[in-house]
Amino acid sequence: MLGCLPASQSACRGAHQPARRGDGQLANEQHVEFGRTEVIDNSLNPDFLRKFVLDYFFEEKQNLRFDLYDVDSKSPDLSKHDFLGQAFCTLGEIVGSAGSRLEKPLTMGTVTTHARGRRPAPAVSNGGIPGKKCGTIILIAEELGNCRDVATLQFCANKLDKKDFFGKSDPFMVFYRSNEDGTFTICHKTEVVRNTLNPVWQAFAIPVRALCNGDYDRAIKVEVYDWDRDGSHDFIGEFTTSYRELARGQSQFNVYEVVNPRKKMKKKKYLNSGTVTLLSFAVESDHTFLDYIRGGTQINFTVAIDFTASNGNPSQSTSLHYLSPYQLNAYAMALKAVGEIIQDYDSDKMFPALGFGAKIPPDGRVSHEFPLNGDAANPACSGIEGVLEAYHRSLRSVQLYGPTNFAPVVNHVARSAAAVLDGSQYFVLLIITDGVISDMAQTKEAIVNAAKLPMSIIIVGVGQAEFDAMVELDGDDIRISSRGKVAERDIVQFVPFRDYVDGGGSPVLSMARLAKDVLAEIPDQFISYMKARGIKPQPAPPSPDPPGSPVPPQP
């Protein structure tokens, strides 16, 4: 009899959430058992029927382990059964494979630590050797139907607090969904309505999964702010609701008092800082990010690295480019954190890698668009490790110089994206930089033009410089514009690397948080392009027959 534990998961996310790990080493993690399949009698080609429901997050690395056992009795103790093999992968690998179907070889593996106590060494009855191949496991993922709903909502506010000295307020709202651990994750920001205490915001569409993760009673927190140009937005107040409440539509149940907790504590007669009213609510099913991935759309990842002199001499330990024998520098950590998640959605694992702001051989000319591998005709590197190797080689061959120009690398990726407008490919550019941008006008124009294309841009700022200009490029509060033309979509996400590094925390978990924050907007940016162009996902390719022919039962 055969049985499979199809979703053993890392203890760092608990028994019901997949793992996050930034170093790519899966085999030595602690795992907690998620579930077991049924037992199939006398078969070497079992087809398990039991399904397992997992929360999927594009922006996280969700590590899985699958163990296969030959069941000899009714005992639930796994040490009483013959261990046949195991496989490791990420949830992203499964959904990113053609048709969301992944084949992995089973190997004997090594003894691991179980979250509910140390598991005895697997009993191997057939002379099992660690690393030996023991057959194949086929994994298939399907998206649940309730994840397809998209809600369209519109809100207005009345008598909000006045925050600006010379005017009224410039209010906007920020929506957060609650997580199982009690924390909140941002899921939407409205536009800013200028100089009013009674704003009417534009209607916006948001996937129900992003708003409440399919749990209609999960708390949704909404914060109201007065926008300030310097980014120090003034808090007006907050309220909480739920998807079930919002689904009632316009009614007395959906008029919310905006409360500032500090004011409420200080002033006995304080009532509220205004009210927010739901004007309209509608929901419809829509194509999802995973529909396109299952249909074969590829995510093409390009990295651009800042080689300007402000990074410091790479041979000195104070440099942001210093190659320590003991740990990765900030550039390499950011690259791995983002790249190791996106690579699951690129079948050939070939990633163009560019540098900017350096004097390059042989003539020492300054370039803002040079290939890290030295091949201008084909700047693609094999895998994330290949990108890191090319980065290290470039540090030894180029001279750090300046200025800090983004427009050339943005236009480089935009040219590739402009050649594939049919929805079969989507391009993500990661720019890692240390300084103040020098070609702001040209970069804004490049981003406005790129917003029409299947493309997103992630900017990670390393070092201690001021990154005010990057916040403007981000466009979360006010959509970026150039020469009077406003960007069609918000395609830029910026984060400062320093916000994810602290002395006492785990660098692995810090990088997982960085990847989560910079990648969280990619699926919605992806969908916004497809919807604007009327591109529907291709049907998933048919699944081939499992390898091998049926084998008659054996003793």
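Conventions used here
- Residues numbered from 1 in each chain as written.
- Predicted model: local features only at pLDDT ≥ 70, side-chain atom pairs only at ≥ 80, totals over all residues.
- Heavy atoms only, no water.
- UniProt positions renumbered as here; feature names shortened; annotations may be inferred.
- Helix = DSSP H or I, 4+ residues; strand = E, 2+ residues; numbered from the N terminus.
- Buried < 20%, exposed > 50% of the residue type's maximum accessible area, 1.4 Å probe, protein only.
- Contact = heavy atoms within 4.5 Å.
- Phe/Tyr/Trp six-rings, centres within 6.5 Å; stacked < 30°, edge-to-face > 60°.
- Lys NZ or Arg CZ within 6 Å of the ring centre and 35° of its normal.
- Salt bridge = Lys/Arg side-chain N within 4 Å of Asp/Glu carboxyl O.
- Polar contact = N/O pair within 3.5 Å; in protein donor to acceptor, adjacent residues only side chain to side chain.
- Pairing = 2+ DSSP bridges.
- Axes fitted to C-alpha atoms, helices over the stretch in contact; angles between N-to-C directions.
- Expected span 1.5 Å × (residues − 1).
- Parallel < 35°, antiparallel > 145°, perpendicular 65-115°, else oblique.
- Left-handed = near helix turned anticlockwise from the far one by under 90°.
- Nonpolar A, V, L, I, M, F, W, Y, C, P; charged D, E, K, R; others polar.

Under an unreviewed UniProt entry, the name given to the protein chain is Copine 5, and the organism recorded is Accipiter nisus. Of the comments in the UniProt record for the protein chain, the one headed Sequence similarities (unreviewed entry) reads "Belongs to the copine family."

### Describing the overall build of the protein chain
When you go through the protein chain residue by residue, the secondary structure sums to 12 helices and 26 strands. When each of the 555 residues of the protein chain is scored for burial, the buried share is 52%. Partitioning the intrachain contacts of the protein chain with sequence separation of at least 6 by distance along the chain shows that 71% fall at a separation of at least 24.

### Comments concerning the packing of aromatic side chains
Two descriptors summarise a pair of aromatic rings, namely the distance from one centre to the other and the angle between the planes of the rings. Here the structure, examined in full by the defined rule, presents 22 aromatic pairs. Between Phe 155 and Phe 175, the ring centres sit 5.5 Å apart and the planes meet at 50°, which makes this aromatic pair tilted. Of the two residues, Phe 155 sits in strand E7 (residues 149–158) while Phe 175 sits in strand E8 (residues 171–178), which places them 20 residues apart along the sequence. Here the aromatic cluster, defined as three or more aromatic residues joined through ring pairs, consists of Phe 58, Phe 289, Tyr 292, Tyr 345, Tyr 426 and Phe 526. We note Lys 221 situated over the ring of Tyr 176; from NZ or CZ to the ring centre the distance is 5.3 Å.

### A word on the pattern of salt bridges
All chains considered together, the criterion is met by 19 salt bridges. The salt bridge partner of Glu 33 is Arg 36, with a shortest N-O separation of 2.7 Å. Residue Lys 61 pairs with Glu 340 through a salt bridge whose shortest N-O separation is 3.4 Å. Pair noted here: Lys 61 is in the loop between strand E2 (31–32) and strand E3 (63–70) and Glu 340 is in helix H6 (residues 330–342), with a separation of 279 residues, a long-range link. Each member of the pair Lys 61 and Glu 340 is classed as buried. Salt bridges here are not isolated pairs; linked through shared partners, they connect Lys 61, Lys 336, Glu 340 and Glu 385.

### Some remarks on the side chain of Gln 62
Residue position: Gln 62 is located in the loop between E2 and E3. A polar contact is formed between the side chain of Gln 62 and the backbone nitrogen of Phe 57, at a distance of 2.9 Å.

### A closer look at the sheet that holds strand E11 (residues 219–226)
Sheet strands line up and pair through hydrogen bonds in the backbone, either parallel or antiparallel. Taking strand neighbours across the sheet as the criterion, the four strands line up as E9-E8-E11-E12 in an open arrangement whose pairing is antiparallel. Looking at the sheet topology across the chains shown, the edges are occupied by strand E9 (184–189) and strand E12 (234–242). Here the strands of the sheet are splayed against their neighbours by 25° on average, with no regard to which way each runs. Where E8 meets E11, seven bridges bridge the pair, whose relative direction is antiparallel. The residue of E11 that forms the bridge with Pro 171 is Asp 226.

### Digging into unusual backbone geometry
The bulk of non-glycine residues show a negative phi, and the bulk of peptide bonds are trans. Pro 361 connects to Pro 362 through a cis peptide bond whose omega is 5°. Its location among the elements puts Pro 362 in the loop between strand E17 (358–360) and strand E18 (365–367). The residue after Gly 402, namely Pro 403, is reached through a cis peptide bond having omega -5°. Inspection of the secondary structure assignment puts Pro 403 in the loop between strand E21 (399–400) and helix H8 (407–418). Positive phi values are uncommon outside glycine, yet Ser 100 reaches one of about 55°. With respect to the secondary-structure elements, Ser 100 resides in the loop between helix H1 (91–96) and strand E5 (101–107). In this structure, Asn 195 takes a positive phi of about 50° despite not being glycine. Among the structural elements, Asn 195 can be located in the loop between E9 and strand E10 (204–207). Classification of Asn 195 as partly exposed rests on a relative accessible area of 46%.

### Overview of H8
Working note: α-helix, 3.6 residues per turn, so residues spaced by three or four point in the same direction. Taking 1.5 Å of rise per residue, the 12 residues of H8 would be expected to cover 16 Å, and the 16 Å separating its terminal C-alpha atoms lies within 8% of that figure. Where H8 is buried, its residues touch strand E15 (298–306), strand E16 (350–356), strand E22 (425–433), helix H9 (440–450) and strand E23 (455–461).

### Looking at the packing of H6 against helix H7 (residues 383–397)
Helix-helix packing: each pair is described by the crossing angle between the helix axes and the interaxial distance. At a closest axis distance of 10 Å, the pairing of H6 and H7 adopts a crossing angle of 160°. One finds that H6 runs roughly antiparallel with respect to H7. Classified by chirality, the crossing of H7 by H6 is right-handed. Note on element contacts: H7 touches H6 through Ile 384, Glu 385, Val 387, Leu 388 and Tyr 391, opposite Tyr 331, Ala 332, Leu 335, Lys 336, Gly 339 and Glu 340. Taken together, the residues of the contact of H6 with H7 sort by class into seven nonpolar, one polar and three charged.

### Remarks on the environment of Phe 58
Secondary-structure assignment places Phe 58 in the loop between E2 and E3. For Phe 58, a relative accessible area of 3% corresponds to the buried category. Along the backbone, Phe 58 and Val 95 are 37 residues apart, and their C-alpha atoms lie at a distance of 9.7 Å. Among residues more than four places away in sequence, those in contact with Phe 58 are Phe 289, Ile 341, Ile 342, Tyr 345, Leu 519, Ile 522 and Pro 523.

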